[in-house]
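Here's the letter readout for the chains.
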Amino acid sequence: MNKSELKPAVVFEQFAKINQIPRPSKREDKMIEYLKQFGESHNLDTRVDEVGNVIIRKGATPGYEDCKTVILQSHMDMVCDCLPDVQIDFDKDPITTYIDGEWMRAKGTTLGADDGIGCAIELAILESNDIEHGPIECVFTRDEETGLTGALGMKSGFMTGDYLINLDSEDEGEIFISCAGGRTTKAHFDIKRQPAPEGCFFIKGSVKGLIGGHSGDDINKKRANGLKIIARFVYQEMERYEGIHLVRLHGGSLHNAIPRGGYFVLAVPNDIKENIRADWNVFSAQVDDEFHITDPDMVWRMRSYDPEPIIDDDTARRFVYALQAMDNGVFSVCQDPDLGDMTETSSNLARVETYESAIDILSSQRSNVMSNLDNMCNTIAAVFKLAGATVEFSEGYPAWKMRPHSELQRIVKNTYHKLFQKEPVVRGIHAGLECGLFAERYPNLDMVSFGPTLRDVHTPDERLLIPTVQMVWDHLLLTLKSMPHQS
């Protein structure tokens, strides 16, 4: 398959254009301007709200004027990550894509199909003149990935439709009717640095090449967390030997990504440096075996390092103990049979940054039950407070609860079965969707979420399963054609 053979062509043409536009989270100004010009050039009612969300309205085609209004919604920003050897300026450079069998990928970077493919589907519908549908509102929100700024700042009345179809899901054939709420927890240690004792050897250990993934949708896949692995080794060695001093412990990036690696720097007595190397070899072999299915390509390195001031031993020990103790991964599974075997509550150690006078830790917690989200956040906070850190929470976002007797859910299930002669999977998702925030401001809005199949989003391994785009496109068009009339 080459790019000229991609189907539906109208969608992939729009996706190619979108990937020429820099759109990192919180820096979507070029994308906002593009959407504004697109709507105005097609003589469509186009508006931008005060936080940067864009809405483009398109009237009904003949014969569908009295159908209920459908909102199609995607987020315009993308997670920007790349392989260590890739040189790219995400504020200026386009995303370069290629086809690998049935998958579309990017060359060494995130693909931006989360959620650029949803935006492309909306733009293709707006541009088309041969699709039957009632009134449509296409909504493009900003900064979904790092703060949900667009959805949080959207005021009631910006959207006016009866139904909302969110196009930010990642498994074709699955209809999502619920999502997790989430919050980030930040811990901060003040540190003092001092010269290392005489006779110390400085050593750096690192691991990379982990699969990583989305901290919500992939948290139940038992993948390794690079930071937890590094902390685990440092804790083990501190317990095993006297005289080990921490210089640095660093890794991770975004709150919603499982860390794909990390590193530490230790100052150790000369007489045990070979013990540390031997322990590292044994430890790496054990961890390789532990994660040989989920993370088969870990890369382990250890080398000497130039001397630096060490972190005071008391703070270093409390910090490493806290990393060892904090929960990471799935905490509990959902007990609602209507939502299937789904993760309910989880935590992800996302980023650790060691500075000259401070250590900052970022983690994210999620739950489909808000009281359990509070409990998970408090559990993480308690670990760090016991270790002497200061802790603060982000504002977070609410869960989207399943809507009993949803008319939209019935419609999308029926249209899916009519097209593909099989039932879709209807379930909740542990990732966060903006639907939870929409439900607060639009309590009567009937919502579902679906989209084409994506894998390893938020990483340079992100890929889009090309045939599923056509399936989602066909499903969406039949759904739009099947909207009920206004009562």
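Calculation criteria
- Residues numbered from 1 in each chain as written.
- Predicted model: local features only at pLDDT ≥ 70, side-chain atom pairs only at ≥ 80, totals over all residues.
- Heavy atoms only, no water.
- Helix = DSSP H or I, 4+ residues; strand = E, 2+ residues; numbered from the N terminus.
- Rg over C-alpha atoms; globule rule 2.2 N^0.38 Å.
- Contact = heavy atoms within 4.5 Å.
- Areas by Shrake-Rupley, 256 points an atom, 1.4 Å probe, with all protein chains shown as cover.
- Lys, Arg positive; Asp, Glu negative; His and termini not counted.
- Charge placed at Lys NZ, Arg CZ, Asp CG, Glu CD.
- Buried < 20%, exposed > 50% of the residue type's maximum accessible area, 1.4 Å probe, protein only.
- Axes fitted to C-alpha atoms, helices over the stretch in contact; angles between N-to-C directions.
- Parallel < 35°, antiparallel > 145°, perpendicular 65-115°, else oblique.
- Left-handed = near helix turned anticlockwise from the far one by under 90°.
- Pairing = 2+ DSSP bridges.
- Core = buried A, V, L, I, M, F, W, Y, C linked by side-chain atoms within 4.5 Å.

**Q** Could you give an account of the overall build of the protein, naming the residues involved and the relevant values?
**A** The helix and strand tally for the protein stands at 11 helices and 23 strands. Its C-alpha radius of gyration of 24 Å places the protein within 12% of the 23 Å reference for a compact globule of 487 residues. Reported as C-alpha extents along the three principal axes, the dimensions of the protein are approximately 85 × 45 × 45 Å. A fraction of 80% describes how many contacts in the protein between residues 6 or more apart in sequence connect residues 24 or more apart. About 19,900 Å² of surface is accessible on the protein, with carbon and sulfur atoms providing 48% of the total. Across the protein, 51 positive and 75 negative side-chain charges occur, with their mean positions spaced 1 Å apart.

**Q** Give a detailed account of unusual backbone geometry, specifying residues and quantitative values.
**A** In the segment running from lysine 7 into proline 8, the intervening peptide bond is cis, with an omega of -5 degrees. Here proline 8 shows up in the segment before α1 (9-18). Going from aspartate 114 to aspartate 115, the amide bond is cis rather than trans, its omega being 5 degrees. Note on placement: aspartate 115 falls in helix α3 (residues 113-127). Phi is positive for lysine 26, which is not a glycine, with a value near 75 degrees. Its location among the elements puts lysine 26 in the loop between α1 and α2 (29-41). Classification of lysine 26 as partly exposed rests on a relative accessible area of 48%. The residue leucine 148 is not glycine, and still its phi comes out positive at about 50 degrees. Structurally, leucine 148 can be placed in the loop between β6 (136-141) and α4 (149-153).

**Q** Could you give an account of the packing of helix α9 (residues 407-420) against helix α11 (residues 466-481), with specific residues and numbers?
**A** Viewed as axis vectors pointing N to C, α9 and α11 meet at an angle of 125 degrees, and their least axial separation amounts to 9 Å. By the angle class used here, α9 and α11 are oblique. Considering how the two elements wind past one another, α9 and α11 form a crossing that is right-handed. Counting all contacts with α9, which are made through Ile411, Val412, Thr415, Tyr416, Lys418, Leu419 and Phe420, the residues of α11 involved are Met471, Asp474, His475, Leu478 and Thr479.

**Q** Residues and numbers for the pairing of strand β21 (residues 446-449), please.
**A** The alternating pattern of β21 places Asp446 and Val448 and Met447 and Ser449 on opposite faces, both of which are buried. As judged from the 4 bridges shared by strand β7 (residues 163-166) and β21, these two strands associate in the parallel manner. When the bridges of β21 are listed, tyrosine 163 appears paired with aspartate 446.

**Q** How would you summarise the sheet that holds strand β23 (residues 463-465) if you had to cite specific residues and measurements?
**A** Ordered by their spatial adjacency, 4 strands build an open sheet running β4-β5-β23-β22, and the pairing between neighbours is antiparallel. At either end of the open sheet lies a strand with only one pairing partner, and these are β4 (97-100) and β22 (454-455). Two strands pair when backbone bridges link them, and β4 and strand β5 (residues 103-106) are joined in this way by 4 bridges, in the antiparallel orientation. Paired with aspartate 100 across the bridge in β5 is tryptophan 103.

**Q** How would you explain the nonpolar core if you had to name every residue and give the values?
**A** With 57 residues, the main nonpolar core has Leu72, Ile125, Phe140, Ile165, Phe450, Leu464 and Leu476 as its most contacted residues. Element by element, the count of residues in this core is highest for α3, at 9 residues. Ile191, Ala316, Met326 and Ala389 belong to the second-largest nonpolar core, a separate cluster that totals 48 residues.

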